[in-house]
Protein chains: 2
Amino acid sequence: MHTQTSTKELTPTALTKLGRAPQRGSFDLDKICAILDASPMCHLGYQTGEATAVIPTCHWRVGDRVYWHGSRLSRTMQTSQAQKVCLTVTHLDGLVLARSGFHHSANYRSAMVFGYPEVVADRANKLAVLEAFIEGLFPGRWQTLRPPSQKEMNATTVLSLPLEEGSAKVRSGPPADLAQDLALPIWAGVIPLTVQAAAAQPCPHNPADVTPPEYVRQFCLD
Amino acid sequence: MHTQTSTKELTPTALTKLGRAPQRGSFDLDKICAILDASPMCHLGYQTGEATAVIPTCHWRVGDRVYWHGSRLSRTMQTSQAQKVCLTVTHLDGLVLARSGFHHSANYRSAMVFGYPEVVADRANKLAVLEAFIEGLFPGRWQTLRPPSQKEMNATTVLSLPLEEGSAKVRSGPPADLAQDLALPIWAGVIPLTVQAAAAQPCPHNPADVTPPEYVRQFCLD
């Protein structure tokens, strides 16, 4: 379902330039999609009236929309529907050690998407995007699960944003020290960071003859 | 500098209960500090006037305050100073595979801190907290670096929040399926996720006789 689109570029706006050193920003939709797809977790920001709130939640993408879900009754799901929110996904790829404190940095890939959340109201579409969420992480799992009950479907709100206003920001590579600092006798470089899956932990209630599916073994090998 | 305080509890407010299933929330300061300290990266949320923005940035803690920094001229640093912001740190600890789509979940540790950012204006204090940032990640490194210039200090704004209004939320353990689903022939369990450091990548400009310091080797062993 992670269909990559053509080399579409999003239109830059004042919002999409926030925090972006010009040389690090991009409006390339494929690049934004790749960053969104590389983690199941985003941070969603919205206004409560008293302050801004930033909540971690799971997200997923189907085509040119990014989705998240939650309890229909949760304040986050209710409050965030009526305003322009920001969904940000960041991968911390490394720590960058320079010859001065000032030039220390981080390597990362980050995507921000702005927009007014839309409720996925149609039941068939809601079921399809929830299936896409599970299948995007664990291909083949959805059809093996106990199907959602009406009560579970009613208790869940699915929201989405179109990938229309947003940007990507990426830093990679070695430290960018001042030329006159390069010869100093200081170790400089990058400590790369990656997210690794460890050995799967079976639920104690699993029937004795149930073994980990291929997608679980793959996750733990990658 | 990561001095743990006593068993202080923050006062719950409406904001600190956002998104928190009651059984997962905590106002224990030590727990909040441990979550803040376990990553150098947070997501900072603030209001731009047009929308909420969520920006990844590095943070660090000294005692009962959390700090971040950035270019004095950046719109993020300027806009976020005059309002109540939210700084959130989340560790995605695992994917939780249940017998129904509805009960799939994520294991995670998350801390949110709310407040009005305060500028670290005093030069000696600013230098001390910047030192604490580097030393918290790389003990012993600060004194080996080329010291900050006046120009670099002037170009950098350091902001902080007191750890007064905030909360932690943690989910851990196996899936929480319905009792009647436990006997289904479906593999359920947890895929644990961790952040790992790979072999350090020396900067090509390093003098030939400069070897990685102990703290770099430690990072890559942990």
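Refer to the preceding data block for the structure.
1. Section: the overall build of chain A
The secondary structure content of chain A amounts to five helices and 11 strands. Overall, the C-alpha framework of chain A stretches about 65 × 45 × 40 Å when taken along its three principal axes. Out of the 222 residues belonging to chain A, those deemed buried represent 54%. Taking contacts inside chain A between residues at least 6 apart in sequence as the whole, the part at least 24 apart equals 71%. In the structure as shown, chain A presents an accessible area of about 9,600 Å², 57% of it carried by carbon and sulfur atoms.

2. Section: the side chain of B:Thr52
Along the chain, B:Thr52 turns up in strand β3 (residues 52-62). Residue classification places B:Thr52 among the buried residues on the basis of a relative accessible area of 0%. Reaching out from B:Thr52, the side chain makes a polar contact with the side chain of B:Gln47 at a distance of 2.8 Å. Apart from residues lying up to four places away in sequence, B:Thr52 is in contact with A:Gly45, A:Tyr46, A:Gln47, A:Thr52, A:Gln83, A:Lys84, A:Val85, A:Cys86, A:Phe114, B:Tyr46 and B:Gln47.

3. Some thoughts on the interface of chain A and chain B
Contact with chain A, which involves 93 residues of that partner, is made by 93 residues of chain B. Buried surface at the junction of chain A and chain B, both sides included, amounts to about 7,200 Å², of which 68% is carbon and sulfur. On inspection of chain A and its partner chain B, the count reaches four salt bridges. Between the two partners, chain A and chain B, sit 33 residue pairs in polar contact (both at pLDDT 80 or more). Among the elements that take part in the side of chain A that touches chain B, strand β10 (residues 189-197) of chain A stands out by supplying nine residues, more than any other. The residue makeup of the side of chain A that touches chain B, split by class, is 59 nonpolar, 24 polar and 10 charged. The pairing of strand β11 (residues 201-202) of chain A with strand β10 (residues 189-197) of chain B spans two bridges and is antiparallel. Bridge pairing in β10(B) places A:Pro202 opposite B:Gly189.

4. Focus: the nonpolar core
In terms of nonpolar packing, the biggest core is built from 62 residues, with A:Leu36, A:Leu87, B:Leu36 and B:Leu87 touching the most fellow members. Excluding anything up to four places from it in sequence, A:Leu36 contacts A:His59, A:Arg61, A:Val66, A:Leu87, A:Val89, A:Ala111, A:Val113 and A:Leu163.

5. A word on the pattern of salt bridges
Here the structure, examined in full by the defined rule, presents 18 salt bridges over all chains. Among the salt bridges present, the one from A:Arg146 reaches B:Asp181, with a minimum N-O distance of 2.8 Å. Here the residue A:Arg146 occupies a position in the loop between α3 (123-137) and α4 (150-155), and B:Asp181 occupies one in the loop between β9 (165-171) and β10, the pair thus bridging two chains. The class for A:Arg146 is buried, based on a relative accessible area of 17%. Within this structure, A:Glu50, B:Lys84 and B:Glu165 form a network of salt bridges that share partners.

6. Here we look at the relation of the copies chain A and chain B
The transformation that overlays chain A on chain B combines an axial shift of 0.0 Å with a rotation of 180°, and the residual RMSD is 0.0 Å. Taken together, these values place the two copies in the relation of a two-fold axis. In terms of C-alpha distance to the rotation axis, chain A has A:Val195 as its closest residue, with the C-alpha 2.2 Å off the axis. Both copies present the same face, since 100% of the interface residues in chain A are matched by interface residues at the equivalent positions in chain B.

7. Describing α3(A)
All names here are of chain A. The first and last C-alpha atoms of α3 sit 22 Å apart over 15 residues, in line with the 21 Å expected at 1.5 Å per residue. Packing partners of the buried residues in α3 comprise β3 (52-62), β4 (65-71), α4 and β8 (156-162). For α3, the capping residue at the N-terminal end is Asp122, with a side-chain oxygen 3.3 Å from the backbone nitrogen of Ala124.

8. Quick word on helix α3 (residues 123-137) of chain B
Among the residues making up α3(B), those that are buried are B:Lys126, B:Val129, B:Leu130, B:Ala132, B:Phe133 and B:Ile134. Against β3, β4 (65-71), α4 (150-155) and β8 (156-162) of chain B lie the buried residues of α3(B).

9. Brief notes about the pairing of strand β2 (residues 41-47) of chain A
Residues and elements named next belong to chain A. Among the seven residues that make up β2, six are buried, leaving the element largely enclosed by the rest of the structure. Between β2 and β3, which follow one another and run antiparallel, lie four residues, and Gly49 among them has a positive phi close to 105°. Relative to strand β5 (residues 85-97), β2 is paired through three bridges, and the arrangement is antiparallel. Following the sheet pairing, His43 is matched in β5 by Thr88.

10. Focus on the packing of aromatic side chains
All names here are of chain A. Counted under the stated rule, the structure contains eight aromatic pairs over all chains. Judged by centre distance (5.9 Å) and plane angle (20°), the rings of Trp60 and Tyr67 are stacked. Since its relative accessible area comes to 6%, Tyr67 is described here as buried. These aromatic residues form a ring-pair network of at least three members: Trp60, Tyr67 and Phe133.

11. Thoughts on the pairing of strand β5 (residues 85-97) of chain B
The side chains of a regular strand alternate between both faces of the sheet. Residues and elements named next belong to chain B. β5 sits mainly inside the fold: 12 of its 13 residues count as buried. Here β5 runs beside strand β6 (residues 105-115); their pairing, made up of 11 bridges, is antiparallel. Along β6, the bridge assignment pairs Leu95 with Ala106. Pairing of β5 with β10 involves four bridges; the strand directions are antiparallel. Within β10, the position partnered with Leu97 by the bridge is Gly189.

Conventions adopted
- Position labels on residues start from 1 in each chain and follow its written sequence.
- Just so you know, chain letters begin at A and ligand numbers begin at 1, following the order they were written in.
- Side-chain atom pairs in this predicted model are given and counted only at pLDDT of 80 or more, local residue features only at pLDDT of at least 70, and totals for whole chains, interfaces and linings cover all residues.
- Working from all heavy atoms in the structure, the side-chain values ignore hydrogens and water.
- Think of it this way: any DSSP run of H or I at least four residues long counts as a helix, any run of E at least two long counts as a strand, and we number them from the N terminus.
- Exposure classes here rest on a 1.4 Å probe applied to the protein chains alone. A residue is buried below 20% of its type maximum, exposed above 50%, and partly exposed in between.
- In this analysis, two residues are considered to be in contact whenever any of their non-hydrogen atoms come within 4.5 Å of each other.
- Accessible surface area values rest on a Shrake-Rupley calculation with a 1.4 Å probe, where residue burial reflects the displayed protein chains alone.
- Polar contacts, as counted here, are pairs of nitrogen or oxygen atoms within 3.5 Å of one another; within protein the pair requires one atom able to donate a hydrogen and one able to accept it, and residues that are adjacent in sequence qualify only if both atoms are side-chain atoms.
- Buried area: the accessible area, evaluated with a 1.4 Å probe, that two parts lose upon being put together, summed over both parts.
- Whenever a carboxyl oxygen of Asp or Glu lies within 4 Å of a side-chain nitrogen of Lys or Arg, that contact is scored as a salt bridge.
- Three classes are used, and their members are as follows: Ala, Val, Leu, Ile, Met, Phe, Trp, Tyr, Cys and Pro are nonpolar, Asp, Glu, Lys and Arg are charged, and the others, Gly among them, are polar.
- Only strands that DSSP links by at least two bridges are regarded as paired with each other.
- Only buried residues count toward a nonpolar core. Its members are Ala, Val, Leu, Ile, Met, Phe, Trp, Tyr and Cys residues joined through side-chain atoms within 4.5 Å.
- Superposing copies: least-squares fit, C-alpha atoms only, residues required to have pLDDT of at least 70 in both.
- What a helix is expected to span follows from its residue count: subtract one and scale by 1.5 Å.
- Classification of ring pairs rests on two measures: the distance between centres of Phe, Tyr or Trp rings, Trp counted by its six-membered ring, which must be within 6.5 Å, and the angle between planes, read as stacked under 30 degrees, edge-to-face over 60 and tilted in between.

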